Amino acid sequence: MHGNQHPPQYGYAQPYPQTVIVQKKGGGCLRGALIGAAVLAGLVVVGGILGGSGGRSTGSEDTTVTEASAPTKEQTEQKRTEQRRPGIGDPAKDGKFSFKVTKVEKGVERVGGEYLGSDAQGQYVLVHVTVKNIGDEAQLFSDSSQKLIDARGRQYDADSGAAALGLKNSNAFLNNINPGNAVSGILLFDVPKEFRIKAIELHDSAFSDGVTVALND
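Residues numbered from 1 in each chain as written. Predicted model: local features only at pLDDT ≥ 70, side-chain atom pairs only at ≥ 80, totals over all residues. Heavy atoms only, no water.

Turning to the nonpolar core, a few remarks are in order. Val127, Leu148, Leu187 and Ile200 are the most contacted members of the largest nonpolar core, which has 25 residues in total. Elements with a contribution of two residues or more to this core: strand 2 (97–112), strand 3 (117–133), strand 8 (182–191), strand 9 (197–202) and strand 10 (211–214). In this structure Val127 touches Val101, Lys103, Leu148, Gly185, Ile186, Leu187, Phe189, Ile200 and Leu215, once residues within four positions along its chain are discounted. In this structure, Ala120, Leu126, Ala163 and Leu188 belong to the second largest nonpolar core, which totals 10 residues. (Core = buried A, V, L, I, M, F, W, Y, C linked by side-chain atoms within 4.5 Å. Buried < 20%, exposed > 50% of the residue type's maximum accessible area, 1.4 Å probe, protein only. Helix = DSSP H or I, 4+ residues; strand = E, 2+ residues; numbered from the N terminus. Contact = heavy atoms within 4.5 Å.)

This is the structure:
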């Protein structure tokens with residue numbers, strides 16, 4: 001009986017399980033690789049979104065802080081202009097004239113005498129000024145070219161009629177000044193009673209740029 005027994009043929013049973021195992025392992029690796037790639041791509045997209053929004057937020061905050069802390073170019077220039085602006089007693093030049101405001105009178109109700117004079121609608125402001133011709137030819141000085149400015153930036157014309165009637169020595173109405181000569185004049189303005197004076201804009205003619213002299217209260 002021992003001679004009829006045949007040894008088991010293991011060579012036919014092994015290949016099929018091994019092939020199945022190889023297929024299972026290969027499929028598992030492929031699925032794992034695909035899942036890993038998908039997860040990685042998702043993380044990259046999420047990271048990009050979070051990083052982009054964070055960068056924009058930071059940039060916006062930096063810009064806001066810069067704009068709030070730094071003055072604008074116009075504000076800086078305006079401050080410099082005000083610092084350079086002449087005041088009472090300082091010479092100020094425009095064209096052929098050099099001006100110097102020597103005194104300011106406010107709250108004047110009437111100018112002139114009892115029979116020949118003028119009453120203010122609000123109050124008169126009298127600006128005493130010395131005008132010198134620094135040019136090479138005669139130049140006409142006229143109060144109608146001068147502007148008084150209040151605290152709100154509004155401009156007021158001189159009252160030439162009241163000055164002619166009530167101020168004998170005003171010298172501000174069509175006075176022709178030769179080169180090198182100087183005259184003292186009074187500029188008369190009729191303004192409201194609540195008027196707050198800021199400055200006067202002086203011109204050598206109606207067509208000049210003018211120069212501003214500070215007269216703040």
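Anyway, onward from the coordinates.
Let's shift gears to the sheet that holds strand 9. Spatial strand order, 6-5-9-10: four strands in an open sheet with antiparallel pairing. With one partner strand each, in any of the chains shown, strand 6 (155–157) and strand 10 form the two edges of the open sheet. Adjacent strand axes in the sheet meet at a mean angle of 30°, parallel and antiparallel pairs treated alike. Sheet topology note: the strand 5 (residues 147–150)/strand 6 ladder contains three bridges and is antiparallel. By the bridge assignment, Ile149 is partnered in strand 6 with Gln155. (Pairing = 2+ DSSP bridges. Axes fitted to C-alpha atoms, helices over the stretch in contact; angles between N-to-C directions.)

Moving on: the sheet that holds strand 8. Across the sheet, four strands lie side by side as 1-2-3-8; this open sheet has antiparallel pairing. Every interior strand has two partners, whereas the edge strands, strand 1 (91–94) and strand 8, have only one. In this sheet, adjacent strand axes meet at a mean angle of 40° when their direction is disregarded. Where strand 2 meets strand 3, 12 bridges bridge the pair, whose relative direction is antiparallel. If you follow Gly112 over to strand 3, its bridge partner there is Gly117.

In the structure shown here, the tally under the stated rule is four aromatic pairs. Judged by centre distance (6.4 Å) and plane angle (50°), the ring pair of Phe99 and Phe141 falls under tilted. With Phe99 in strand 2 and Phe141 in strand 4 (residues 139–141), the pair connects residues that are 42 residues apart, well separated along the chain. For the residue pair Phe99 and Phe141, the accessibility class agrees, reading buried in each case. Taken together, a centroid distance of 5.1 Å and an interplanar angle of 90° make the contact between Tyr156 and Phe195 edge-to-face. Taken together, the positions of Tyr156 in strand 6 and Phe195 in the loop between strand 8 and strand 9 put the pair 39 residues apart, joining distant regions of the chain. Look at Phe195 and you get buried, because its relative accessible area is 11%. (Phe/Tyr/Trp six-rings, centres within 6.5 Å; stacked < 30°, edge-to-face > 60°.)

A cluster of nonpolar side chains, contributed by Tyr115, Leu116 and Leu165, occupies part of the molecular surface with about 400 Å² of accessible area. Within the secondary structure, Tyr115 is located in the loop between strand 2 and strand 3. (Patch = residues over 30% accessible without salt bridge, like charges linked within 9 Å, V, L, I, M, F, W, Y side chains within 5 Å. Areas by Shrake-Rupley, 256 points an atom, 1.4 Å probe, with all protein chains shown as cover. Salt bridge = Lys/Arg side-chain N within 4 Å of Asp/Glu carboxyl O.)

Looking now at the confidence of the model for the chain. Put simply, the chain has an average pLDDT of 78, and 62% of its residues get 70 or more. Contacts of residues 18–26 to residues separated by more than four positions or lying in other chains number zero contacts, the stretch itself having pLDDT below 50. Counting contacts from residues 55–61, a segment whose pLDDT is below 50, to residues more than four positions away or on other chains yields zero contacts. (pLDDT = per-residue confidence, 0-100.)

So, about the pairing of strand 1. The side-chain alternation of strand 1 yields one buried face, formed by Ala92 and Asp94, and one unburied face, formed by Pro91 and Lys93. Where strand 1 lies against strand 2, four bridges are found, and the strand directions are antiparallel. Counted as the bridge partner of Pro91 is Lys100 from strand 2.

With that settled, the discussion passes to the side chain of Asp94. If you trace the backbone, Asp94 turns up in strand 1. Lacking a salt bridge, the buried Asp94 has Lys96 as its closest oppositely charged neighbour, with an N-O distance of 9.8 Å. One polar contact links the side chain of Asp94 to the main-chain amide nitrogen of Asp204, over a distance of 2.9 Å. Those residues in contact with Asp94 that lie beyond four places of it in its chain are Phe99, Leu202, His203, Asp204, Ser208, Asp209, Gly210 and Val211. (Lys, Arg positive; Asp, Glu negative; His and termini not counted. Polar contact = N/O pair within 3.5 Å; in protein donor to acceptor, adjacent residues only side chain to side chain.)

For Ser208, the location among the structural elements is in the loop between strand 9 and strand 10. Reaching out from Ser208, the side chain makes a polar contact with the backbone oxygen of Ser205 at a distance of 3.2 Å.

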